[in-house]
Amino acid sequence: MLIFVKFFFMNKIVLITTISIILFSCNPIQIKHVSQVSKFNKNNLVFSLPKTVLTLHLTLEKQIVKKGPYAEFTEKYVGISNPVTRDIEKYSFKNIEINDNIIADTNQVFVLQYKHQLPWESLIQQSDGVILAINQTMGNTINNKSSFRFTNPTFDKIVFKELSQSSYIKDKIDTIYKQVKVDTNWVRVAVQKKTTDTLKLEDKAKEAAQHIFEIRSRLFDLLSGDMETLPQGEAAKSIIEYLKSEEQEYLSLFVGKTYVTTVEYNFVVIPENINQNEFIIAYVDPNKGIVKNASKNSQTIKLSLNTYDSYKPYTLAQLKYQKAQKKNIFPYRMPVQSEASVLVNDEIMYKKNLWIYQFGKTMEVPICFLKKYKFDFSNPTILTISK
């Protein structure tokens, strides 16, 4: 009888110990919304539910045409009609992209309070508080910040360097007459006066045009072989390239110079209302680039979202979670899929399928399950919840 009682109490102690372990693994941990927590300590883990931010990356090609200093004399001395008579800028679309990144939803911040240790073996969390994975390792996540960059051409590439092959000044000799008294008579004597003057703009243009035709004449002689001493091989090639480059440089004094660069913009959109599916991003004027307000010639850039009212199928583990008692639960979000389109004047230029977290369901996992399962929330397309 004594042995039986002893055995009964030993089994009871084991049973109580087992129940205590189970309760300890679930009960000492609580998760509350940050608004319900008045005091924080070292055994508090703050985390946020994810939110999707969309960054539209727009690249415009900018063409700069600089008027030549001799533009008004182009047809007269070079024979080219309708030259560029003013500086011009032209913009056109080059590239459009959309990047979707995960950020913290500042309205959905929670505090996990524990006594001894966290309920999982490992945790991967972004610096802003979003939990990406539990009890497993994962690759690097993308969380780029928006930026603006303007690539501006350097002055050296659009300045006109060669304006004339000779000096811009010339000596001018004027003859004047003075009355000189010789004995009793006045004699008229010629006196030369030397002055320095600058060439007029038209004189400079005329000289530059003459130099262009001299270069062309030298090129013709070289290419036709009509030269007394004809260079060979690399020497001939180098001379031809130099003469052509010099010809273009002098010709640009009349027809102007053209330079092409790119302008890059990032526009950040955070969808807040699932019923709002269209956003006006910017207006692009072909002569001014991005402008604040729409104009007669501007093009409207819009972002359109077509959100599907469907969710990723539940796994067996998730079905168990739904049946479990919801006392101490861990909240996380299941995003919805959406098709993002970029339209220019209502014409679709770009499409991409992506996930929007803030439009999805908030799921609830009993804290007891956090020790048993692996969670990967970083990519909805490969969302895994497994043992």
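Residues numbered from 1 in each chain as written. Predicted model: local features only at pLDDT ≥ 70, side-chain atom pairs only at ≥ 80, totals over all residues. Heavy atoms only, no water.

> So, the pairing of strand 13 (residues 329-344): which residues are in play, and what are the values?
Of all 16 residues that make up strand 13, 15 are buried, and the element is covered over most of its length. For strand 13 and strand 14 (residues 347-366), the ladder comprises 15 bridges, and the chain directions are antiparallel. Note that in strand 14 the partner of Gln-337 across the bridge is Trp-355. Joining the antiparallel neighbours strand 13 and strand 14 is a turn of two residues, in which Asn-345 adopts a positive phi near 50°. (Buried < 20%, exposed > 50% of the residue type's maximum accessible area, 1.4 Å probe, protein only. Helix = DSSP H or I, 4+ residues; strand = E, 2+ residues; numbered from the N terminus. Pairing = 2+ DSSP bridges.)

> Lay out the pattern of salt bridges in plain terms, naming residues and giving numbers.
In a structure, side chains of opposite charge can pair up when their charged atoms sit close to one another. Inspection of every chain in the model, using the stated rule, returns ten salt bridges. The salt bridge involving Asp-87 is made with Lys-66; its shortest N-O contact spans 3.1 Å. Of this pair, Asp-87 sits in the loop between helix 2 (74-77) and strand 3 (88-113) while Lys-66 sits in strand 2 (residues 44-66), placing them 21 residues apart in sequence. Exposure remark for Asp-87: the relative accessible area of 44% places this residue in the partly exposed category. With a closest N to O distance of 3.6 Å, Lys-302 and Asp-346 form a salt bridge. Taken as a pair, Lys-302 in strand 12 (residues 299-307) and Asp-346 in the loop between strand 13 and strand 14 lie far apart in primary sequence, 44 residues in all. By relative accessible area, which is 58% here, Asp-346 ends up exposed. Taken together, the salt bridges that share partners define one network made up of Glu-278, Lys-302 and Asp-346. (Salt bridge = Lys/Arg side-chain N within 4 Å of Asp/Glu carboxyl O.)

> An account of the sheet that holds strand 12 is needed here, citing residue identities and associated values.
The strand order 11-10-12-13-14 describes an open sheet built from five strands, whose pairing is antiparallel. With partners counted over all chains shown, the strands left at the sheet margins are strand 11 (289-291) and strand 14, one partner each. The mean inter-strand angle of the sheet, taken between neighbouring strand axes irrespective of direction, is 30°. Pairing geometry for strand 10 (residues 278-285) and strand 12, over six bridges, is antiparallel. Bridging across to strand 12, Ile-280 finds its partner in Lys-302. (Axes fitted to C-alpha atoms, helices over the stretch in contact; angles between N-to-C directions.)

> I'd like a rundown of the environment of Gln-125, residues and numbers included.
Here Gln-125 is to be found in strand 4 (residues 123-125). Judged by relative accessible area, Gln-125 falls into the partly exposed class, the value being 29%. Along the primary structure Gln-125 and Phe-47 are separated by 78 residues, whereas in three dimensions their C-alpha atoms are 8.2 Å apart. Polar contacts involving the side chain of Gln-125 include one to the main-chain carbonyl oxygen of Val-46, which spans 3.1 Å. From its side chain, Gln-125 meets the backbone oxygen of Gly-129 in a polar contact 2.8 Å long. (Polar contact = N/O pair within 3.5 Å; in protein donor to acceptor, adjacent residues only side chain to side chain.)

> Lay out the nonpolar core with the relevant residues and their values.
If you look at the biggest cluster of nonpolar residues, it comprises 25 residues, and the most contacted ones within it are Leu-56, Leu-58, Ile-98, Phe-267, Ile-281, Leu-303 and Val-342. Once you skip the residues sitting within four places of it in the chain, Leu-56 turns out to touch Glu-97, Ile-98, Tyr-265, Asn-266, Phe-267, Ile-281 and Val-342. Counting residues in hydrophobic clusters, the runner-up holds 22 residues, among them Leu-49, Phe-110, Tyr-114 and Ile-367. (Core = buried A, V, L, I, M, F, W, Y, C linked by side-chain atoms within 4.5 Å. Contact = heavy atoms within 4.5 Å.)

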